[in-house]
Amino acid sequence: MSKYSERIYNGLWKENPIFVQMIGLCPTLAVTTSAINGIGMGLSSTVVLVAANIIIAALRHIIPDRVRLPAEIVVVASMVTIVDMLMEGFLPSLYDALGVYVPLIVVNCIILGRAEAYAMKNGVVESACDGIGMGLGFTFALFLLGGFRELLGAGSIFGITLSEAYTPATIFILAPGAFFVLAMLTALQNYLKAPKVKKTVETAEAAVAAEAEGEGK
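Description of the structure in this document. (Residues numbered from 1 in each chain as written. Predicted model: local features only at pLDDT ≥ 70, side-chain atom pairs only at ≥ 80, totals over all residues. Heavy atoms only, no water.)

1. Description of the pattern of salt bridges
Turning to step 1, where the next piece is worked out: All chains considered together, the criterion is met by six salt bridges.
Turning to step 2, where the next piece is worked out: As a salt-bridge pair, Arg68 and Glu116 come within 2.9 Å of each other at their nearest N and O atoms. Of this pair, Arg68 sits in helix α4 (residues 68-90) while Glu116 is found in helix α6 (residues 109-119), placing the two residues 48 residues apart along the sequence.
Turning to step 3, where the next piece is worked out: Among the charged side chains, a salt-bridge network with shared partners connects Arg7, Glu15, Arg114 and Asp130. (Salt bridge = Lys/Arg side-chain N within 4 Å of Asp/Glu carboxyl O. Helix = DSSP H or I, 4+ residues; strand = E, 2+ residues; numbered from the N terminus.)

Given below as structure tokens:
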């Protein structure tokens, strides 16, 4: 796996910002009342994240260290303003559904966190791949949350009712339902990752044991 594809894989699965790092939860829990809202917020954040990472990585040797954080915030805020205006002009219904959470992408800790932790220390291509991976991981998490909440709380997906016989559990559209679905999906991901983690630990233990045995001889 190349370093570029590894950055994308890490964002999607290994270091998923929602299920692993547990950051950016405010918009995650607030807007995921439907699958389309989750996808809209996720893709908007992805565009901002990739664009900000590219610009900050390109300017990392020019930005003085003493104004590093203000410069990052200005770049992120500029990208969010552009995305906000484009969404309002071309996707007004989605813009209305997401409401104030589109401008609040500026303070999403995923965006500023990747700019500070990765883009300021790496090249443009690597930073772009990191932004794509983290953005798609964020979008994937929001889509799953929104899809499950819409399915269980409204009996529909993408606005299409699946069965008239199903009685929706309204709690899943409300705030408690968001926490419950997030907890269940996080537990599922941990369960799926457990065999690989166990194998890695066993390999490390075997290596330590072999090294200790070699020193004993």
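2. Quick word on unusual backbone geometry
Turning to step 1, where the next piece is worked out: Positive phi, normally seen in glycine, also occurs at Met22, with a value near 55°.
Turning to step 2, where the next piece is worked out: For Met22, the location among the structural elements is in the loop between α1 (3-14) and α2 (25-31).
Turning to step 3, where the next piece is worked out: On the accessibility criterion, Met22 (37% relative accessible area) is partly exposed.
Turning to step 4, where the next piece is worked out: Positioned with a positive phi, Phe158 is a non-glycine residue whose angle comes to about 55°. (Buried < 20%, exposed > 50% of the residue type's maximum accessible area, 1.4 Å probe, protein only.)

3. Re a nonpolar patch on the surface
Turning to step 1, where the next piece is worked out: Residues Leu12, Ile36, Ile132, Leu136, Phe140, Phe143 and Phe158 make up a contiguous nonpolar surface patch of roughly 550 Å² in combined accessible area.
Turning to step 2, where the next piece is worked out: Per element, the largest residue contribution to the nonpolar patch is four residues, and it comes from helix α7 (residues 124-154).
Turning to step 3, where the next piece is worked out: Relative to the helices and strands, Ile36 resides in helix α3 (residues 35-59).
Turning to step 4, where the next piece is worked out: For Ile36, a relative accessible area of 46% gives the class partly exposed. (Patch = residues over 30% accessible without salt bridge, like charges linked within 9 Å, V, L, I, M, F, W, Y side chains within 5 Å. Areas by Shrake-Rupley, 256 points an atom, 1.4 Å probe, with all protein chains shown as cover.)

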